[in-house]
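Letter by letter, the chains look like this.
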Amino acid sequence: MGKLQSLAKDTAIYGLSSIVGRFLNYLLVPLYTHYMPKDSGDYGISTNVYAYTALILVILTFGMETTLFRFANDTPPREGTAHPWPDTVFSTAMTVVGTLTVLFLLLVFGFIGPLSSTLGYAEHPEYLTMMAVVVALDALQAIPFSYLRFQKRALHFASLKLLFIVLNIGLNVFWFVFLGKTSVFYVFFINLLCTGFITLFFIPDLLRIRWHFDGGLLKKMLGYSWPILILGIAGILNQVADKIIFPLVYPDQAEANVQLGIYGSCVKIAMIMAMITQAFRYAYEPIVFAKSKDADKTEYYASAMKYFLIFTLLAFLCVVGWMPVLQYIIGEDYREGLGVVPVVMAAEIMMGVYFNLSFWYKLIDKTIYGAWFSLAGCLVLFAVNILLIPKYGYWACAWGGVAGYGTAMVLSYVVGQRKNPIPYPMKDICVYVVLTVVLTAVTYATATLPAWAQLAVNTLLIGLFVGYIIRHDLPLSSLPVIGKKFRKNR
């Protein structure tokens, strides 16, 4: 029981730090879109550069975060060694990441001219140099952050993550609002300052480590980590490929940054769905593996999928229905792209479903299937974006996400039902999906009404959806506190 309580506490801390962190970062969207003019293309540049950094970070960490957990929990091959085994694993992982990071920085600084020209930043190579240092520091921080989790120092982990976010927001407000510095240069510069500052906090821990490199261990770790790297690259490409491809294939380079800025800002509203999926993942992932030997595990997984979809569809309706208010999150000039928000949210829901479906191959140690499914989704996403962006702009990005995640989701379901079948309640799931589509169509029909009338009607529609949930799948009598009073009154 003590271990389960500790697991629950740590899960809550990690989950809270992630959700709160995402929410606080969310506050930068209105700041940037109100202070950076749309026509400057600065927000589009920010969206594009951060997409590259996300991909590079996955490559530089080389799957060593997960690999550290796998090998640090092993029994040392030789008893009585002078160096603690977890420190040896940490040292070896840091050697890999450190080597890759140094090579990366040498390449960037050595070829910054042609690199800047190729990516469309010939006039501003400083954007790339600053963010190269940022992603290098992030990669070097990744292994110490994982080691904090291994050592069960959840509060220290969460406090550093939140400190970075609070500092980042504070400096952005100071620079943009009080100093009037509204160029994208300062977005990157502030990120560099904050990342460098947080790196300093790891120095005491790094000095306490008993460093020891193990060549034999390195071979085993690399053999374990490369499939994780492939899966990670495929996963991150599904999230950022559209923002990388857009400026490369859009006919007008200057207009590409403007259009990408519109898309990138509107996508932030859809990220509400990503927050919900992240919260669900932190809570659900430990439970899945804990129940893997229980007799009722398949029924549990099927029910979890159903309730995940119910509440994400409810969130979808809330965002669509309350768009007359949520639109003010972004600057007025950027709101022309709000139509893509429901499409991007649909893609996020598919990603969440794919995450739920992914447990069948994780539980039978066949993670290679995940790599294939993700790569297939990636190829579809790339094809849609490359072929359709020149004609349809950021709408191709939105529908490319649906096509990519939809492909991975369907493949995982079809193959999973053959390899490790789970009795998902498909009839109930289809009813909820159809009900959501119908209510969304009615919501769009209210678009000509005044804002207050739209909100009133749409809130009523959301209430109907909640009523259906209570009627069919979540009766009030089953709830912990309300249910007790409900049963008593009856």
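Parameters and conventions
- Residues numbered from 1 in each chain as written.
- Predicted model: local features only at pLDDT ≥ 70, side-chain atom pairs only at ≥ 80, totals over all residues.
- Heavy atoms only, no water.
- Helix = DSSP H or I, 4+ residues; strand = E, 2+ residues; numbered from the N terminus.
- Buried < 20%, exposed > 50% of the residue type's maximum accessible area, 1.4 Å probe, protein only.
- Contact = heavy atoms within 4.5 Å.
- Areas by Shrake-Rupley, 256 points an atom, 1.4 Å probe, with all protein chains shown as cover.
- Expected span 1.5 Å × (residues − 1).
- Phe/Tyr/Trp six-rings, centres within 6.5 Å; stacked < 30°, edge-to-face > 60°.
- Lys NZ or Arg CZ within 6 Å of the ring centre and 35° of its normal.
- Core = buried A, V, L, I, M, F, W, Y, C linked by side-chain atoms within 4.5 Å.
- Polar contact = N/O pair within 3.5 Å; in protein donor to acceptor, adjacent residues only side chain to side chain.
- Patch = residues over 30% accessible without salt bridge, like charges linked within 9 Å, V, L, I, M, F, W, Y side chains within 5 Å.
- Salt bridge = Lys/Arg side-chain N within 4 Å of Asp/Glu carboxyl O.
- Axes fitted to C-alpha atoms, helices over the stretch in contact; angles between N-to-C directions.
- Left-handed = near helix turned anticlockwise from the far one by under 90°.

Chemist: Which residues make up the overall build of the protein, and what values do they have?
Modeler: Broken down by element type, the protein carries 21 helices and zero strands. By residue count, 47% of the 490 residues in the protein fall in the buried class. Within the protein, residue pairs in contact and separated by at least 24 positions form 81% of the contacts whose partners lie at least 6 positions apart. When the accessible surface of the protein is split by element, carbon and sulfur atoms take 68% of a total near 23600 Å².

Chemist: How would you sum up helix α17 (residues 368-392)? Please name residues and give values.
Modeler: Here α17 contains 25 residues, and its C-alpha end-to-end distance of 35 Å stays within 8% of the 36 Å for a straight helix at 1.5 Å per residue. Turning to α17, its buried residues number three or more, namely G370, A371, F373, S374, G377, C378, L381, V384, N385 and I389. Of the residues flanking the end of α17, it is G393, one or two places downstream, whose phi is positive at about 65°.

Chemist: Could you give me a rundown of unusual backbone geometry, with the residues and numbers involved?
Modeler: Backbone geometry at F62 places phi at a positive 55°, although glycine is not the residue there. Turning to its location among the elements, F62 is positioned in the loop between α3 (42-61) and α4 (64-72).

Chemist: Summarise the packing of aromatic side chains; cite the residues concerned and give the values.
Modeler: Taken as a whole and judged by the stated rule, the model has 21 aromatic pairs. Ring centres of Y32 and Y43 lie 6.3 Å apart, and the angle between their planes is 55°; this geometry places the pair in the tilted category. Residue Y32 is located in helix α2 (residues 28-35), and its partner Y43 is located in helix α3; the two are separated by eleven residues in the primary sequence. Comparing Y32 with Y43 shows no difference in burial state: the two are buried. Through a chain of ring-to-ring contacts, the aromatic side chains of F174, W175, F185, Y186 and F189 assemble into a single cluster. Between K161 and the ring centre of F145, over which it is positioned, the NZ or CZ distance is 4.2 Å.

Chemist: Describe the nonpolar core, naming the residues involved and giving the relevant values.
Modeler: Within the largest apolar cluster, 127 residues are counted, with the highest numbers of intra-cluster contacts made by F188, Y263 and V341. Here this core gets 14 residues from one element, more than from any other, and that element is helix α13 (residues 297-321). V341 has contacts with C266, I269, A270, V319 and M323, leaving out every residue within four places of it along the chain. Ranked by size, the runner-up nonpolar core spans six residues in total, among them F145, L148, L160 and I198.

Chemist: Go over the side chain of N356, please, and point to the residues and values.
Modeler: Locating N356 in the fold gives a position in helix α15 (residues 341-357). One polar contact links the side chain of N356 to the main-chain carbonyl oxygen of G352, over a distance of 2.9 Å.

Chemist: Quick rundown of a nonpolar patch on the surface? Include the residues and the values.
Modeler: A surface patch of nonpolar side chains, amounting to about 540 Å² of accessible area, comprises Y35, V173, F174, V177, F178 and L179. Examining the composition of the nonpolar patch, we find that four residues originate from one element, helix α8 (residues 154-178), more than from any other.

Chemist: Help me get a handle on the pattern of salt bridges, residues and values and all.
Modeler: Following the criterion strictly, the structure yields four salt bridges and no others. Notably, a salt bridge pairs D205 with R208, separated by 2.4 Å at the nearest N-O pair. Here R208 and D205 lie together in helix α10 (residues 203-208), a separation of three residues that amounts to about one turn. On the accessibility criterion, D205 (13% relative accessible area) is buried. On the basis of relative accessible area, R208 is assigned to the exposed category, the value being 56%. Note that D428 is salt-bridged to K306, the shortest N-O span being 3.0 Å. In this pair, D428 sits in helix α19 (residues 426-445) while K306 sits in helix α13, placing the two residues 122 residues apart along the sequence. For K306, a relative accessible area of 11% translates into the label buried.

Chemist: Please set out the packing of α4 against helix α7 (residues 125-150) residue by residue, giving values where relevant.
Modeler: For the pair α4 and α7, interaxial distance at closest approach is 9 Å and the crossing angle is 35°. In this structure, α4 crosses over α7, and the sense of that crossing is right-handed. Residues M64, E65, L68, F69 and A72 of α4 touch α7, and the partners they reach there are A142, I143, S146, Y147, R149 and F150.

Chemist: Please set out α8 residue by residue, giving values where relevant.
Modeler: A turn of α-helix holds 3.6 residues, and therefore any two residues three or four places apart point the same way. Across its 25 residues, α8 extends 35 Å between first and last C-alpha, which sits within 8% of the 36 Å expected from 1.5 Å per residue. Within α8, the full set of buried residues consists of A154, F157, A158, L160, I165, N168, I169, N172, W175 and F176. Among the residues trailing α8, G180 stands out with phi positive, at a value near 70°.

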